[in-house]
Amino acid sequence: MKDTAKTRQQLIDEIAVLRRRVGQLEKSELQRGRAEEALRENEEKYRNLVESTLDLIFFVNARGNYTYVNPRFERVTGYAAGELAGRPFTHVVAPEYIESTIERFRRGIRGGDTPPYEAELLHKSGERIPVEFLVTTRYDAGGRAAGRFGIGRDITERRKVEKTLREQREQLRRLAVQLSEAEEGERRRIARELHDQVGQNLTVVGINLSVLRSLLPADGMNPVSARLLEDSVTLVEQTTEYTRSLMSDLRPPDMDDYGLVAAIRWYSERFSLRTGVEVHMEGREIHPRPAAVVENNLFRIVQEALTNIGKHARAATVRIGIDAAEGRLRIRVEDDGAGFDPSRIRRAGEHHGWGLMTMAERAEVIGGSFSIASRAGQGTLVSVEVPL
Ligand SMILES: Nc1ncnc2c1ncn2[C@@H]1O[C@H](COP(=O)(O)OP(=O)(O)OP(=O)(O)O)[C@@H](O)[C@H]1O
Ligand SMILES: [Mg+2]
């Protein structure tokens, strides 16, 4: 009796346990159903995303063979997913990019960092497609590298825009060079005219005047005529001097015969005489001589730097350094004058000078760079550097 009762009690307990288990199972089954539903929804969301995106998406396994490519990848490369499945990822990479891509893959699989990069893919038809990629390594549950996951973007359009931009910039530069050459040609023409027409005539007038003076009797001359004659002689001398200096400004005389350094030396000596500022110059002629357009623009830059020193710096000394090494020509013009704050000049509306801007433009025309460093009370350093 006792046993039977015990058995009954046991049965009741067991049934209760079973019920609880069934209940739990039902609950977890429900949860699993819900989780599967959520997973399905998620999966669909991601699939939609992956299949409709304009980016190229792919997975490769740890050996580098494709396990998945999205429709965009198929469109851009011309291969169906089935044709790529199991093939090495290099199948669609342009030959010259294969080595670097394999290297990057190996580094990635070893856990190394692989930043975004650009490469070219080969379309099935042989056409090249520039693509920017970001590829990351995937790991399995045990932390082992399981393969790589990549996103790529077709950058054909970007490349086209970059190319057009480059071409236009180059065209602009060529135009600027032409302009600068035309400007220099015009200066030369005016200098020649001044020399051949005005200069020659002035010389003749000067000679005539002195002949006239020698022919006239020194004592019996009318004082008014004598004064007019002396006046004319002085005027002819002054005008000759003025014309000569104008010609020199238009065309540095030493440039054609001796080159840039001679022209700069000649100009800085004149500058020194005119302003009283001491000029120290270091530099030897550059061999072979740079193109005329390079020499001319560099000369004009130095000329403006010196003009600025004369106008603004109140300097005692200027140092000019010219040196050519490793295919680059560097010129520095440094003064010990008042200095200024270049950032203030750059702020719009504060300034109307042309000099600094023109110097920078001239440097750009000849493919070089220009910089100016200065601080109030610390002097100014103008540097220009061009490839030879
Ligand atoms: N060597 C220098 N020392 C002191 N200040 C300078 C020097 N060079 C330039 N500056 C300052 O920079 C300003 C801009 O120079 P920039 O050559 O552009 O113009 P500008 O000489 O005033 O006029 P422009 O050159 O058009 O005749 C000058 O007004 C001056 O204040
Ligand atoms: Mg100036």
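None of the values given here were measured: they were computed from a predicted structure. (Residues numbered from 1 in each chain as written. Chains lettered and ligands numbered in written order. Predicted model: local features only at pLDDT ≥ 70, side-chain atom pairs only at ≥ 80, totals over all residues. Heavy atoms only, no water.)

## Thoughts on the site of ligand 1
- Lining the immediate environment of ligand 1, one finds 16 residues, of which Asn 308, Lys 311, His 312, Trp 354 and Leu 356 sit closest.
- Within the contact set of ligand 1, an oxygen atom lies 2.8 Å away from a side-chain nitrogen or oxygen of Asn 308.
- Here ligand 1, which alone exposes 590 Å², has 82% of that area covered by the protein.
- Those elements that provide at least two residues to the shell around ligand 1 are helix 9 (292-313) and helix 11 (355-365).
- Among the residues making up the shell around ligand 1, the classes are represented as six nonpolar, seven polar and three charged. (Near = heavy atom within 4 Å. Polar contact = N/O pair within 3.5 Å; in protein donor to acceptor, adjacent residues only side chain to side chain. Areas by Shrake-Rupley, 256 points an atom, 1.4 Å probe, with all protein chains shown as cover. Helix = DSSP H or I, 4+ residues; strand = E, 2+ residues; numbered from the N terminus. Nonpolar A, V, L, I, M, F, W, Y, C, P; charged D, E, K, R; others polar.)

## What about the domain arrangement of the chain?
- As far as domains go, the chain holds domain 1 (1-51), domain 2 (53-154), domain 3 (161-251) and domain 4 (254-388).
- Inter-centroid distance (C-alpha atoms) of domain 2 to domain 4 is 53 Å. (Domains from an automatic or database assignment.)

## Here we look at the pattern of salt bridges
- The final tally for this structure, using the stated rule, is 27 salt bridges.
- Among the salt bridges present, the one from Glu 37 reaches Arg 40, with a minimum N-O distance of 2.8 Å. Here Glu 37 pairs with Arg 40, and both are found in helix 1 (residues 2-52), just three residues apart, close to one helical turn.
- Assessed through its relative accessible area of 48%, Arg 40 is described here as partly exposed.
- Between Arg 289 and Glu 295 there is a salt bridge, with the nearest N and O atoms lying 2.6 Å from each other.
- By relative accessible area, Arg 289 is classed as partly exposed at 37%.
- For Glu 295, a relative accessible area of 4% gives the class buried.
- Look at the salt bridges and you will find they share partners, linking Glu 96, Glu 118, Glu 120, Arg 128, Glu 132, Arg 158, Arg 159 and Glu 162 into a network. (Salt bridge = Lys/Arg side-chain N within 4 Å of Asp/Glu carboxyl O. Buried < 20%, exposed > 50% of the residue type's maximum accessible area, 1.4 Å probe, protein only.)

## Quick look at the side chain of Asn 65
- The topology assignment puts Asn 65 in the loop between strand 1 (56-61) and strand 2 (66-69).
- Filtering out sequence-adjacent residues up to four positions away, Asn 65 remains in contact with Phe 59, Val 60, Gly 86, Arg 87 and Pro 88. (Contact = heavy atoms within 4.5 Å.)

## Looking at helix 8 (residues 260-275)
- Taking 1.5 Å of rise per residue, the 16 residues of helix 8 would be expected to cover 22 Å, and the 22 Å separating its terminal C-alpha atoms lies within 8% of that figure.
- Where helix 8 is concerned, the buried positions are Leu 260, Val 261, Ala 262, Ala 263, Ile 264, Trp 266, Tyr 267, Ser 268 and Phe 271.
- On its buried face, helix 8 sits against helix 6 (223-250), helix 7 (253-258), strand 6 (278-282), helix 9, strand 7 (317-325) and strand 8 (328-335).
- Positive phi shows up at Gly 276, right after helix 8, with a value of about 80°. (Expected span 1.5 Å × (residues − 1).)

## Topic: empty space enclosed by the protein
- The tally for this structure, following the rule as stated, stands at one cavity of 30 Å³ or more.
- Roughly 180 Å³ of volume is contained in the largest cavity.
- Residue lining of the largest cavity: 16 residues in total, with Phe 58, Phe 89, Thr 101, Tyr 117 and Val 135 positioned closest to the centre.
- Elements supplying a minimum of two residues to the lining of the largest cavity: strand 1, helix 4 (95-109), strand 3 (117-122) and strand 4 (128-139). (1 Å grid on protein atoms, 1.4 Å probe; cavity = no way out; pocket = protein on both sides within 12 Å on 5 of 7 lines; lining within 4 Å. Points joined across faces, edges and corners; volume = space filled by probe spheres on them.)

## Looking at the coordination of the magnesium ion (ligand 2)
- With distances of 2.0 to 2.1 Å, the protein atoms coordinating the magnesium ion (ligand 2) are Glu 304 (OE) and Asn 308 (OD1). With Glu 304 and Asn 308 both in helix 9 and four residues apart, the pair spans about one turn of that helix.
- On the accessibility criterion, Asn 308 (17% relative accessible area) is buried. (Donors = N, O, S within 2.8 Å, 3.2 Å for Na, K, Ca; no water.)

## As for the side chain of Arg 104
- Mapped onto the elements of the fold, Arg 104 is located in helix 4.
- An unpaired buried charge is present at Arg 104: no salt bridge exists, and Glu 103, the closest side chain of opposite charge, is 6.1 Å distant.
- Not counting chain neighbours up to four residues away, the residues in contact with Arg 104 comprise Thr 114, Tyr 117 and Arg 148. (Lys, Arg positive; Asp, Glu negative; His and termini not counted.)

## Observations concerning unusual backbone geometry
- Along the chain, His 287 connects to Pro 288 via a cis peptide bond; the corresponding omega equals -5°.
- Of note, Pro 288 is situated in the loop between strand 6 and helix 9.
- Notably, Arg 314 is not glycine yet its phi reads approximately 50°, a positive angle.
- Its location among the elements puts Arg 314 in the loop between helix 9 and strand 7.
- A positive phi angle is found at Glu 326, which is not glycine, with a value near 50°.
- Structurally, Glu 326 can be placed in the loop between strand 7 and strand 8.

## Some remarks on the nonpolar core
- Counting residues in each nonpolar core, the largest one holds 38 residues, and the members touching the most others are Leu 260, Ile 264, Leu 298, Leu 306, Ile 322, Ile 331 and Val 333.
- Contributing elements (two or more residues each) for this core: helix 8, helix 9, strand 7, strand 8, helix 11, strand 9 (369-374) and strand 10 (380-387).
- Here this core takes ten residues from helix 9, the largest share from any one element.
- Filtering out sequence-adjacent residues up to four positions away, Ile 264 remains in contact with Met 281, Phe 299, Val 302, Ile 320, Ile 322 and Ile 331.
- Within the second largest apolar cluster, 20 residues are counted, among which are Val 60, Phe 73, Val 92 and Ile 129. (Core = buried A, V, L, I, M, F, W, Y, C linked by side-chain atoms within 4.5 Å.)

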